[in-house]
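# Residue-level structural notes
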Protein chains: 2
Amino acid sequence: MDTFELDIDSVIEIVKRRGARSVGLQFPEGLKRRAKVVAGSIEKTTGAAVFISGNPCFGACDVDLQLGNMVDIMFHFGHSGMGEHGNVIFMEARSDADPVPAVEKALEFLDAHRIGIITTVQHAHKLDTVRSFLEDKGKVCVTGSGGPRVKYPGQVLGCSFEAARIDCDELLYIGSGLFHPLGAALATGKKVVAADPLTLRAGVVGTDKLVKQRSAVIARAMDAKSIGIVVSTKAGQQRMALAEELKRMVGKHNKEAAIIVMDLVTPEQLLNFKFDAFVNTACPRIAIDDAGRFHAPMLSPKELEIVLGEREWNITFDEIADTVEGIDKK
Amino acid sequence: MDTFELDIDSVIEIVKRRGARSVGLQFPEGLKRRAKVVAGSIEKTTGAAVFISGNPCFGACDVDLQLGNMVDIMFHFGHSGMGEHGNVIFMEARSDADPVPAVEKALEFLDAHRIGIITTVQHAHKLDTVRSFLEDKGKVCVTGSGGPRVKYPGQVLGCSFEAARIDCDELLYIGSGLFHPLGAALATGKKVVAADPLTLRAGVVGTDKLVKQRSAVIARAMDAKSIGIVVSTKAGQQRMALAEELKRMVGKHNKEAAIIVMDLVTPEQLLNFKFDAFVNTACPRIAIDDAGRFHAPMLSPKELEIVLGEREWNITFDEIADTVEGIDKK
């Protein structure tokens, strides 16, 4: 059974050293079950008043700044840092799972010589182990730097596959879930093999089903006369300039557009709005993960451009490039 | 079919008069379907850029201050004002439904002479009509002022039944739903007759079922060793002082307690937290309306006191008194 290590000793040390009297704790959904024990142990050892964030949290883009403003110091667990937020300290959660057994299974799917390795923050500290193992098997391993949103070489996010854009023949993804390897495959056009250190499963990631799904969403949006453009107020997800650019673009095509500003973007929360289609400028995963649950087509910004005839029909995931907010035209 | 009047002409007039270049619009759930048309008409007539709040909105306690801070002026539709929020203008939605047919049906349930009338903001402008009708039938009608959270005589909220605490023999509620009349019945111990201008139904409100439900929740929480104390950051719902008082009280009884700070309080969002019971200091409706959907007992602050043996077992709804934040001990 895999566990994620939370470095509570360091947290207590920092609280004591800074003399913090009030402490905020933010956990992603999968770690919230540990909040009670962590809060209790900080209170007992430091005497500080602890407040737990109850808001949804899916990434480092999603820092609870309201709680942060209420406390002397806030710890955001589970993600590597993204940007500076005053008193917020990012505490990564590292998996203690050994990646080698899964990578060993992945070997049979790796045909090429030069392998680009990508992973998520939970396994980033194990990449050297993976590299040694693969090099022993005669492979050459490379990792990309990943750009401004990530901290570690090879690290990808649901909104950034920059680390996958490297000089290699095939990509190997170390981690759980299909979103990241699918995004990397679409972003690079390369074969991606996924190896999951938790389930010990490995295999080639197929993009056909996803491309068909996204194509269907685009097709359903073709007749839309009104577009709701969704902007999140989350610190790492707000792309208002992009939204305003999209709104002008929709207007030029004689369709109606309005900008909807919200914190968490959910199918339930958009249900009451009467738009023929939506476009999501917040976390790129939302349009993909919840695709079947929206009452109207939910497009990515690039998919909206396809609908409007402003871009060639070519399915890739939306990515958030911190350096350039706005639309990169092909 | 009932419709709610939104005074868009006044909105446009205000935007023009103030020369606002950016306008925020916030609608409660039931009015969000009209957001697109309202936004379009403001943009066309004033040239201002309009931004719609997509966040959940259930009351005047729930002003989208983040959007408010992004725009020159923000209109909050559907609720009467609660407190001052800089550039936020409250635009009530008034029902054009005639209350008299429902009140006529309610007559057979009204045994007493002196009737206290309570209602929600949507029907507050029709209370004079109701009063005339009932006085023609030989009744005496009274209304209470309602306290600092409401604007109109006789107006009740899901968190304030102050207007029901008046010198009368029976109460007549004009409006939809059972929450408000149930709360008034529990708050006053008086018979409450509900008359719904939309469905034209009328009848006496029975509290037995609700009292049993709440008693069952209290009973289930009796063995709880850990209590999650929920605080909302919503402007009109934050009761941190009460939460801290409850935390101390729980501590005295040798149980664990932690404060969970969040925006919208939902069963889904608390699911990952491993507490034996929760207490809700945010909108009082949450514990009642969603009672069956929480994975652990969700108590009101008064119900927690019952669980701890600090209060007599007597079911009433939680109310938010703006004047005194904290616990009023019986």
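You'll find the structure just up there.
Computed from a predicted structure; not experimentally measured.

Bringing the overall build of chain A into the picture now. Tallying secondary structure elements over chain A gives 11 helices and 15 strands in all. The C-alpha atoms of chain A give a radius of gyration of 21 Å, which matches the 20 Å a tight globule of 330 residues would have. Viewed in the frame of its principal axes, chain A has a C-alpha envelope of about 60 × 55 × 30 Å. If you take every contact in chain A between residues at least 6 apart in sequence, the share linking residues at least 24 apart comes to 67%.

This part takes up the sheet that holds strand 4 (residues 73-77) of chain B. Within a beta sheet, neighbouring strands are joined by backbone hydrogen bonds and run either parallel or antiparallel to one another. Here we have eight strands laid out as an open sheet, ordered 15(A)-14(A)-12(A)-13(A)-3(B)-2(B)-4(B)-5(B), and parallel in their pairing. Strand pairing shows two members of the sheet lacking a second neighbour, strand 15 (298-299) of chain A together with strand 5 (88-91) of chain B, which therefore form its edges. Pairing between strand 4 of chain B and strand 5 of chain B: four bridges, direction parallel. Its bridge partner being in strand 5 of chain B, F75 of chain B is matched across the sheet by I89 of chain B.

Further remarks concern the pattern of salt bridges. Residues and elements named next belong to chain B. The full count for this structure, using the stated rule, is 38 salt bridges over all chains. Taking the shortest distance from any N to any O, the salt bridge between D62 and K234 comes out at 2.8 Å. Of the two residues, D62 is situated in the loop between strand 3 (49-53) and helix 3 (65-70) and K234 in the loop between strand 12 (226-232) and helix 8 (240-252); the sequence distance between them amounts to 172 residues. By relative accessible area, D62 is classed as buried at 4%. Classification of K234 by relative accessible area gives buried; the value is 7%.

Let us look at the interface of chain B and chain A. Between chain B and chain A, the contact holds 36 residues from the first and 36 residues from the second. Here chain B packs against chain A, burying approximately 3,200 Å² in sum over the two surfaces, 55% of which is carbon and sulfur. Counting every contact that joins chain B to chain A gives two salt bridges. Of the charged contacts, one joins E43 of chain B and K247 of chain A as a salt bridge, the two residues approaching to 2.4 Å between their closest N and O atoms. The interface formed by chain B and chain A holds 22 residue pairs in polar contact (both at pLDDT 80 or more) in total. The set of elements that each furnish at least two residues to the side of chain B that touches chain A consists of helix 2 (35-46), strand 3, helix 3, helix 8 and strand 13 (256-262) of chain B. With six residues, strand 13 of chain B is the single largest residue contributor to the side of chain B that touches chain A. In the side of chain B that touches chain A, the residues fall into 16 nonpolar, nine polar and 11 charged. In this sheet, strand 3 of chain B lies alongside strand 13 (residues 256-262) of chain A in parallel orientation, the contact comprising three bridges. Following the sheet pairing, V261 of chain A is matched in strand 3 of chain B by S53 of chain B.

Locating K255 of chain A in the fold gives a position in the loop between helix 8 (240-252) and strand 13. Lacking a salt bridge, the buried K255 of chain A has D223 of chain A as its closest oppositely charged neighbour, with an N-O distance of 6.6 Å.

This part covers the packing of helix 1 (residues 8-18) of chain A against helix 2 (residues 35-46) of chain A. Residues and elements named next belong to chain A. The geometry of helix 1 relative to helix 2 is characterised by a closest axis approach of 10 Å and an angle of 40 degrees between their N-to-C directions. By the criterion of interaxial angle, the relationship of helix 1 to helix 2 is oblique. Where helix 1 crosses over helix 2, the handedness of that crossing is right-handed. Contacts between helix 1 and helix 2 involve I8, V11, I12, V15 and K16 from the first element and V38, S41, I42, T45 and T46 from the second. In the contact of helix 1 with helix 2, the residues fall into six nonpolar, three polar and one charged.

Analysis parameters
Residues numbered from 1 in each chain as written. Chains lettered and ligands numbered in written order. Predicted model: local features only at pLDDT ≥ 70, side-chain atom pairs only at ≥ 80, totals over all residues. Heavy atoms only, no water. Helix = DSSP H or I, 4+ residues; strand = E, 2+ residues; numbered from the N terminus. Rg over C-alpha atoms; globule rule 2.2 N^0.38 Å. Contact = heavy atoms within 4.5 Å. Pairing = 2+ DSSP bridges. Salt bridge = Lys/Arg side-chain N within 4 Å of Asp/Glu carboxyl O. Buried < 20%, exposed > 50% of the residue type's maximum accessible area, 1.4 Å probe, protein only. Buried area = accessible area lost by both parts, 1.4 Å probe. Polar contact = N/O pair within 3.5 Å; in protein donor to acceptor, adjacent residues only side chain to side chain. Nonpolar A, V, L, I, M, F, W, Y, C, P; charged D, E, K, R; others polar. Lys, Arg positive; Asp, Glu negative; His and termini not counted. Axes fitted to C-alpha atoms, helices over the stretch in contact; angles between N-to-C directions. Parallel < 35°, antiparallel > 145°, perpendicular 65-115°, else oblique. Left-handed = near helix turned anticlockwise from the far one by under 90°.

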